[in-house]
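The primary structure of each chain is shown beneath.
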Amino acid sequence: MIWVQRILVILAGLAGAYTFYRVLWHRRLQHVWPKRDQVKIVNPGGWKAGIAEVLLHKRIIANRPWAGVFHLALFYGFLIFGIKSATHVVNGFLPHESAIHLPGWLNASLDVAAWSVLAAVVYMAIRRWFFMRDKLTHMGESTLVLGLIALLMITHLLEKPLEGIPAARVANWWVHYLTLCGFPALIAYGKHLHLLVGPVNVVLRHMTELPGDRPVAGADFELKEDEEEFEKEYARVGMPNGVIDFSFHAFFDPAACIECGRCNDACPSADAGLRPRDHFVLSFRDPTLDAEKFQELVPPDIVATCTQCRACDTVCPVGNRPARTALEIRGRYSFEGVYPPRALKDGGASPVTATGNIFGEPPSTREKLVAEAELPIYDAEQHDVLFVLGCQGANSPDAQHVVKATAKLLKAAGVKFGVLAEEQCWGEGLLHGGGLMEDWPMYWEERVAQLDEALGGDRSRTILTICPHCRDTIGTQYKQVGANFSRVVSHVRFLADLLRDGRLQIERQADDVAVHHPCKTIHHAEQDLIDEVLGKAGVTTHNAGKDPDVPSCCGGGGGGFLWDSPAKVNRKRWDALVTETGKNKVVTACPGCHRMLAVAKEEDQQLTDIADVLAERLREG
């Protein structure tokens, strides 16, 4: 009889393993594996932070604490039950009298874990069916998975009570074992694959991306004169073969997705119809879609509303980066000729082509500012810092005062700086918006050549900018194409260093304000620097939003300041700032944010920059 049992155990195990392999490989990962060489490790030590995030469930608990705690119970319950599962399978090959019996303390621990898991299952079932039905997906599949988890726990807890009833004990063992055999295939089939892939993806996120801005997919394409070479390059950055042309990460994210909807909840453009989970993650589950069908699933007009704030990336508990995929979609759509939308192109590429800046201003606008602020022209032999003004700093009334205040502070601190004699848009807003892709190879070469000439070919010199968007282009996008300007610094960090070093002396003056942390300062972990600088100036700051480490966008990112987006993110953000904090004065640190929020504020409300705050408190002498 024992040999019959052993054969049945082996057959059931093989059937479960084969079904798991078939589903996992052919349905989920077969099209992903050939792209594995696209995984580039840029932060080898990131595995430590990744594993810590997995083990502590920091992101899961941060956004939805109770759900996170119960998920933590499930997670560790499964880890503990790995021991139980191993002994359970081994006992299937042994006579009952020779069965492995775990120590009493370990059995007691397993009982506690089983009850904890059962409690978590009940909580999640109630939450899913009665409170989150409109946000969560695959209700039937999730209910079945929760039921099987509960069944594993119940059969474990019944082992001791059924010990003296042979037939019931054997039946209970087979129910537990068959559930174990079928469970992996069910996990591989649907969204619960995140139980296996999610931890891997979290670690990959930390190892494949450094803090800060990310390169735009496709921005490294090269114009080829040879037709055959051009077609290869187009195939690399476009999507002539449909969805299958997208990158490893675009396909790996759906396998890790828990479909919890946190990214949708965090998206500032949700009112315009954007759903990061559905548009930038789940849309890649079918690799056979052609370009036309994919565009119907992910309309270009919807893609354009993404502000690249990366709030969706920040809140994702399984390492997905929907905003990264959104950039890739924009790039590939550009090569298909369906992106950007006309309004976005008219607001960006057209004026830049005509005048060299997004405002369509003549060179005299910048020349007047340089003269009024008495800005010296940069000389590599005399100056230590190249002060880049950017489109907005040079041409926008909403940002010119920031240039003047920053220059005043630099002079007071004795910083030897200068500006370029002439300056054009550096291209970040257009590149992120997708409107400049076709001209990008020639465009970046001209901008890099201008910087090299000014810096005397020394790319290690300090480049200072008041605009995080300019810093992104010069420091990240140009680096992607081989031009590594290694020290591109925001005025937030530069002014903070001047204060710390004692080179900048200010008088403390009490004030009480709301503070808007620009998304890109959060990407670079500079939000605390803003609060530090304002604190030294005597300013008490108040944040609006659930978490200061999760971007709350003004709507200007991702090319958003180039057009009147239907998302109206700026108005929602301003209302949140003044309503949640009760303050009518807001401080920010980005000309793009200043421009977006200035449109939304009322006449009796104030908006200023961190540089203005310091300049007002500059100590005489």
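Residues numbered from 1 in each chain as written. Predicted model: local features only at pLDDT ≥ 70, side-chain atom pairs only at ≥ 80, totals over all residues. Heavy atoms only, no water.

A word on the overall build of the protein
At step 1: Summing up its helical and strand segments, the protein has 30 helices and eight strands in all.
At step 2: For the protein, long-range pairs separated by at least 24 residues make up 78% of all intrachain contacts whose partners lie at least 6 apart in sequence.
At step 3: For the protein, the accessible area works out to roughly 27000 Å², and carbon and sulfur atoms hold 57% of it.
At step 4: Placing the 65 positive and 74 negative side-chain charges of the protein at their respective mean positions leaves the two points 7 Å apart. (Helix = DSSP H or I, 4+ residues; strand = E, 2+ residues; numbered from the N terminus. Contact = heavy atoms within 4.5 Å. Areas by Shrake-Rupley, 256 points an atom, 1.4 Å probe, with all protein chains shown as cover. Lys, Arg positive; Asp, Glu negative; His and termini not counted. Charge placed at Lys NZ, Arg CZ, Asp CG, Glu CD.)

Some points on a negative patch on the surface
At step 1: On the surface, E225, D226, E227, E228 and E231 cluster together to form a negatively charged patch.
At step 2: Within the element layout of this structure, E225 appears in the loop between helix 8 (194-208) and helix 9 (227-237). (Patch = residues over 30% accessible without salt bridge, like charges linked within 9 Å, V, L, I, M, F, W, Y side chains within 5 Å. Salt bridge = Lys/Arg side-chain N within 4 Å of Asp/Glu carboxyl O.)

A short note on the sheet that holds strand 4 (residues 487-490)
Whenever strands of a sheet pair, they do so through backbone hydrogen bonds, lying parallel or antiparallel.
At step 1: Pairing is parallel across the open sheet formed by four strands, whose spatial order is 2-1-3-4. Each having just a single partner strand, strand 2 (417-418) and strand 4 make up the two edges of the open sheet.
At step 2: With four bridges joining them, strand 1 (residues 385-388) and strand 3 (residues 462-465) adopt parallel strand pairing. Of the residues in strand 3, the one forming a bridge with V385 is T462.
At step 3: Strands strand 1, strand 2 and strand 3 of the sheet are contacted by helix 21 (residues 397-412), whose axis makes an angle of about 165° with strand 1. (Pairing = 2+ DSSP bridges. Axes fitted to C-alpha atoms, helices over the stretch in contact; angles between N-to-C directions.)

Focus: the side chain of Q527
At step 1: Turning to its location among the elements, Q527 is positioned in helix 27 (residues 527-536).
At step 2: Assessed through its relative accessible area of 7%, Q527 is described here as buried.
At step 3: Reaching out from Q527, the side chain makes a polar contact with the side chain of D549 at a distance of 2.6 Å.
At step 4: Beyond its immediate chain neighbours, meaning those up to four positions away, Q527 contacts H517, T521, I522, P548 and D549. (Buried < 20%, exposed > 50% of the residue type's maximum accessible area, 1.4 Å probe, protein only. Polar contact = N/O pair within 3.5 Å; in protein donor to acceptor, adjacent residues only side chain to side chain.)

What about a nonpolar patch on the surface?
At step 1: The grouping of W47, I51, L55, L56, Y76 and L79 at the surface amounts to a nonpolar patch, some 550 Å² of accessible area in total.
At step 2: Listed by contribution, the elements that provide at least two residues to the nonpolar patch are helix 2 (46-56) and helix 4 (65-91).
At step 3: A total of four residues in the nonpolar patch trace back to one element, the largest contributor, which is helix 2.
At step 4: By the secondary structure assignment, Y76 is in helix 4.

A look at the packing of aromatic side chains
At step 1: Counted by the stated rule, this structure contains 16 aromatic pairs.
At step 2: Aromatic side chains F251 and F284 sit 5.9 Å apart centroid to centroid with 90° between the ring planes, which places their arrangement in the edge-to-face category. Separated by 33 residues along the polypeptide, F251 in helix 10 (residues 248-256) and F284 in the loop between helix 12 (276-280) and helix 13 (291-297) bring together distant segments of the chain. For the pair shown, F251 and F284 are each scored as buried.
At step 3: Between W440 and Y478 the ring centres are 6.3 Å apart and the planes differ by 35°, which places this aromatic pair in the tilted class. Linking W440 in helix 23 (residues 440-455) with Y478 in helix 24 (residues 468-480), this pair joins segments that are 38 residues apart in sequence.
At step 4: A residue is classified by how much of its surface remains accessible, and W440, at 0% relative accessible area, is buried.
At step 5: On the accessibility criterion, Y478 (0% relative accessible area) is buried.
At step 6: In textbook terms, an aromatic cluster arises when at least three aromatic residues are bridged by ring pairs, as seen for F246, F251, F284, F294 and Y333.
At step 7: Here the guanidinium or amino end of R27 rests over the ring plane of Y189, the centre of that ring lying 4.0 Å away.
At step 8: Across from the ring centre of Y443, 4.7 Å away, lies the NZ or CZ of R447, which sits over that ring. (Phe/Tyr/Trp six-rings, centres within 6.5 Å; stacked < 30°, edge-to-face > 60°. Lys NZ or Arg CZ within 6 Å of the ring centre and 35° of its normal.)

Comments concerning helix 10
At step 1: In terms of burial, helix 10 is a largely internal element, nine of the nine residues being buried.
At step 2: All of the buried residues in helix 10 are F248, H249, A250, F251, F252, D253, P254, A255 and A256.
At step 3: Tucked into the core, helix 10 has its buried residues touching helix 1 (2-29), helix 8 and helix 16 (322-336).

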